[in-house]
Every structure is written in C-alpha cells, then in structure tokens.
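# Observations on the three-dimensional arrangement
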Amino acid sequence: MGQIVESAHAKINLALDVGPVRPDGYHGIHTVMQSLELRDIVVLEERPAGISLDCMPGDPLRQGARCSLEFDRDPLPPSNARNLAWRAAELLREAAGIRRGVHITIRKAIPLAAGLAGGSADAAAVLRGLNRLWNLGMSREELALVGVKVGADVPFCLLEGTAEATGIGEKLKPVPSPPAWTVLLLKLPVSVSTAACYKAYDELQNPPRVDAGRMLEALASQDLTEVAKCLGNSLEAVTLKQVPELILWREAMEEAGCLGVLMSGSGPTLFGLVRNEEHGHDVFERLVNTVKQERQGLLPNLYLTRFLSSKGNDEFEGGAWHA
Ligand code: ATP
C-alpha cells in the first residue's frame, strides 16, 4: 500500500482589502498572501475503499517553528466528514470518478480557526497528495476547481509561496517570493467567527480600505521596512473591537520591537515582522517575559517562523516521516 507525506503550510495576509458585498453574498477581496514555514503534516495511506481520518497534535518545532510557547494547545479539528481534508478527498473522488480509498493522518501544528488557513492548507495537501497517490494526473488548475468548493483559500494553499488574490480569494497571480523573512505569530485563545467579522464590517459607516497594490510594489523591491509600512487589513479594526485584549497584545508586539504588526485574515492571529532571525529571538523573549508578568487574562501562544520562500525545505518529504 502506498504512502504519501505532504506539508500543509500556514498563510498570512500581508495586505487584505475587503470590498462591498457582491450580489452572490460574498465579498470581493484584493489580498496579498504569503505562505509560512509553519505547517501541518498530512500523511495519506492507500486503502481499497472508504475515507478515514485521524488528527493528532503535531510538534511546532519539527513543523516549521524556530521557537514556540504554547499555554494551551488548540482543540483538534473533527476526525470525520466535517474535516476539510476529508471533504477534499470526497470531492476529488467524485471529480475523478473513482472509488479508491485513503486513510488521512493530520499532525496539527497550525493554530485552529486563527486566520492562518490551517484547514484549507490540509485540504490542499490532500488534493496534491491524492493526485500523486491515485495517479490522477490532474493539473494544479483542475485541483483548484475542486479545492475552491472546500474553501476560498484552498487554491492559494495548492500554489503556496506568495500571490496576489482577487475574486473571493480564488483568482491567483503568483508573485516572486521575498527572502525567508522571520515573522512572529501571536495567537490568543479566542475564536473569531469569519461570518460575524464580515457582518460587522458591512455595518461600518466608513469601512477601512487597504491598498494591496502598494504592498505588491514593496514586495517587488524586497524592502522589508517598506513591506512593514504597507501592512494593512480591512477586517483588523472590527476584530480588535470584538477582542479588545488584541489591542494590548498588538501594542506589546510593537514595543517588543516588531517593525510592523498586523492581524491575519479575520483573526485573531497577529503577526509581526522582525529584522532577522536574531532580532526575532530577541522579540520572542521580550514577549515571553511580558506573558510571564501578565499571568492572568488571555495568554497567547507564540511562534517564531519564517516566510516560505522556496520549496523543498521539508525534512519530512521523501518518506522520512512515519505517522
Ligand atoms: P481561514 O484563514 O481560511 O479563514 P482559519 O485559519 O481561520 O481559516 P481553520 O483553522 O482553517 O480557520 O479552521 C476553521 C474551522 O474549520 C474550524 O472551526 C475547524 O473546526 C474547522 N476545520 C475542519 N477541518 C479542519 C482542519 N483540517 N484543520 C483545521 N480546522 C478544520
């Protein structure tokens, strides 16, 4: 029986502009997405029939984090047909018109419901992996057509790297990735409903807009300081209002030395750009001290990771990983 190991990388939105709601009920967006080294591991094992799935806690330090501090591990996602990875396998079987089976094992390291597209990344990893395991010979575009039925972020997660996205996030234009810049993630143990976030955004008198084009220019010049200046997210103010603790942690990240801080997607994860890895460790330690002094209220999980700037950096590829 064959086995395939895939990496499912987290993403952040370096810029996210949300437009008015469209007649189909979705919002048009203009965003710049960036994959991170932090990843889930998805193992696919061939079965004669049926889909089954196990989720287990992963190890962030073996899965793309340079260092991490976790007060609370997130609950695991469902191990049934509601898991986006399962749904992706089901839809691919339908699209390819085949009956072969698979057992999926997911080692979660990406925080859940965090604005980091963990579920979409797992779904994309399943599509990529099953395409190989079942020898389907489908192109990335064909896989993306299946993936978008699972979620708007799945096509980007199939592509990985850096891309400009429009439509509902599914229309992608890859752009050259910047160097493997170090980034700090701060995730409070709160969940934010994406639907509620967009609803609150629609109710704003003057919804904030973001110039994602400026971010693309900054990325093209590979100027980290300029990229930090161009960070922007239309949804940030809404989520910060819903979770005021985020405002304090955002300030703490700036005080600790981040060059720029932004919420990813609809949150609640905040990410901070730092000068280099050494500076990242320094900022990480400062924030650990702040967390230790705080001791009460909502305490965040912290991860230091990097932009995914090239493929093939995965020590789990090539069968080295055994679930
Ligand atoms: P996005 O950035 O695309 O909005 P997110 O990071 O906010 O995504 P996810 O971690 O993808 O959120 O999870 C969203 C919801 O999907 C959770 O409520 C979770 O229970 C469910 N879910 C289903 N399958 C998965 C999976 N494989 N990994 C994570 N969450 C999953």
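Residues numbered from 1 in each chain as written. Predicted model: local features only at pLDDT ≥ 70, side-chain atom pairs only at ≥ 80, totals over all residues. Heavy atoms only, no water.

Helix and strand counts for the protein come out as 10 helices and 12 strands. In summary, the protein has a C-alpha radius of gyration of 19 Å against a globular reference of 20 Å for 323 residues, a match within 12%. The principal-axis extents of the C-alpha atoms in the protein amount to approximately 55 × 45 × 35 Å. Intrachain contacts of the protein at a sequence separation of at least 6 include 77% that bridge at least 24 residues. Carbon together with sulfur atoms contributes 49% to the accessible area of the protein, which is approximately 13700 Å² in total. (Helix = DSSP H or I, 4+ residues; strand = E, 2+ residues; numbered from the N terminus. Rg over C-alpha atoms; globule rule 2.2 N^0.38 Å. Contact = heavy atoms within 4.5 Å. Areas by Shrake-Rupley, 256 points an atom, 1.4 Å probe, with all protein chains shown as cover.)

Turning next to the environment of Val243. Looking at the element boundaries, Val243 is found in the loop between helix 8 (236-242) and helix 9 (245-255). Residue classification places Val243 among the buried residues on the basis of a relative accessible area of 9%. Distance in space between the C-alpha atoms of Val243 and Ile29 is 23 Å, their sequence separation being 214 residues. (Buried < 20%, exposed > 50% of the residue type's maximum accessible area, 1.4 Å probe, protein only.)

The next subject is the sheet that holds strand 11 (residues 270-273). As summarised here, the arrangement of the five strands in space is 4-12-8-11-10, forming an open sheet in which the pairing is antiparallel. The outermost strands of the open sheet, each flanked by one partner alone, are strand 4 (67-69) and strand 10 (260-263). Recorded for the sheet is a direction-independent mean angle of 20° between the axes of neighbouring strands. Where strand 8 (residues 182-187) and strand 12 (residues 301-306) come together, six bridges link them in antiparallel fashion. In the strand pairing of strand 12, Leu186 is matched with Leu302. Set on the sheet, helix 10 (residues 277-294) makes contact with strand 4, strand 8 and strand 12; between it and strand 12 the angle comes to about 175°. (Pairing = 2+ DSSP bridges. Axes fitted to C-alpha atoms, helices over the stretch in contact; angles between N-to-C directions.)

Attention now goes to the site of the ligand. Taken together, the neighbourhood of the ligand is formed by 18 residues, with Asn83, Ala113, Ala117, Gly119 and Asp153 sitting nearest. Take Lys108: an N or O atom from its side chain is 2.9 Å from a nitrogen atom of the ligand. In this structure, an oxygen atom belonging to the ligand sits 2.6 Å away from a side-chain N or O atom of Asp153. In isolation the ligand offers 620 Å² of accessible surface; the protein chains occlude 77% of this area. Spatially, the ligand is embedded in the largest pocket. With four residues, helix 2 (residues 118-133) is the largest single contributor of residues to the shell around the ligand. (Near = heavy atom within 4 Å. Polar contact = N/O pair within 3.5 Å; in protein donor to acceptor, adjacent residues only side chain to side chain. 1 Å grid on protein atoms, 1.4 Å probe; cavity = no way out; pocket = protein on both sides within 12 Å on 5 of 7 lines; lining within 4 Å. Sits in = over half its atoms within 2 Å of the grid points.)

Let us now look at the pattern of salt bridges. Applying the stated criterion across every chain yields a total of 20 salt bridges. A salt bridge links Glu236 to Arg250, with the shortest nitrogen-to-oxygen separation between them at 3.2 Å. Highlighted residues: Glu236 in helix 8 and Arg250 in helix 9, separated in sequence by 14 residues. On the basis of relative accessible area, Glu236 is assigned to the buried category, the value being 11%. The exposure class assigned to Arg250 is buried, which follows from its relative accessible area of 16%. Overlapping salt bridges, with partners in common, bring together Glu6, Arg128, Arg132 and Glu160 in one network. (Salt bridge = Lys/Arg side-chain N within 4 Å of Asp/Glu carboxyl O.)

Those residues of helix 9 not exposed but buried are Leu246, Trp249, Arg250, Ala252 and Met253. Projected onto a plane normal to the axis of helix 9, the buried residues spread over an arc of 160° and lie on a single side. In helix 9, those exposed residues whose orientation departs by more than 90 degrees from the buried face are Leu248 and Glu255. On its buried face, helix 9 is in contact with strand 8, helix 8, strand 10, strand 11 and helix 10. Looking one or two residues past helix 9, Gly257 carries a phi angle of roughly 120°, positive in sign. (Arc of directions from axis to C-beta.)

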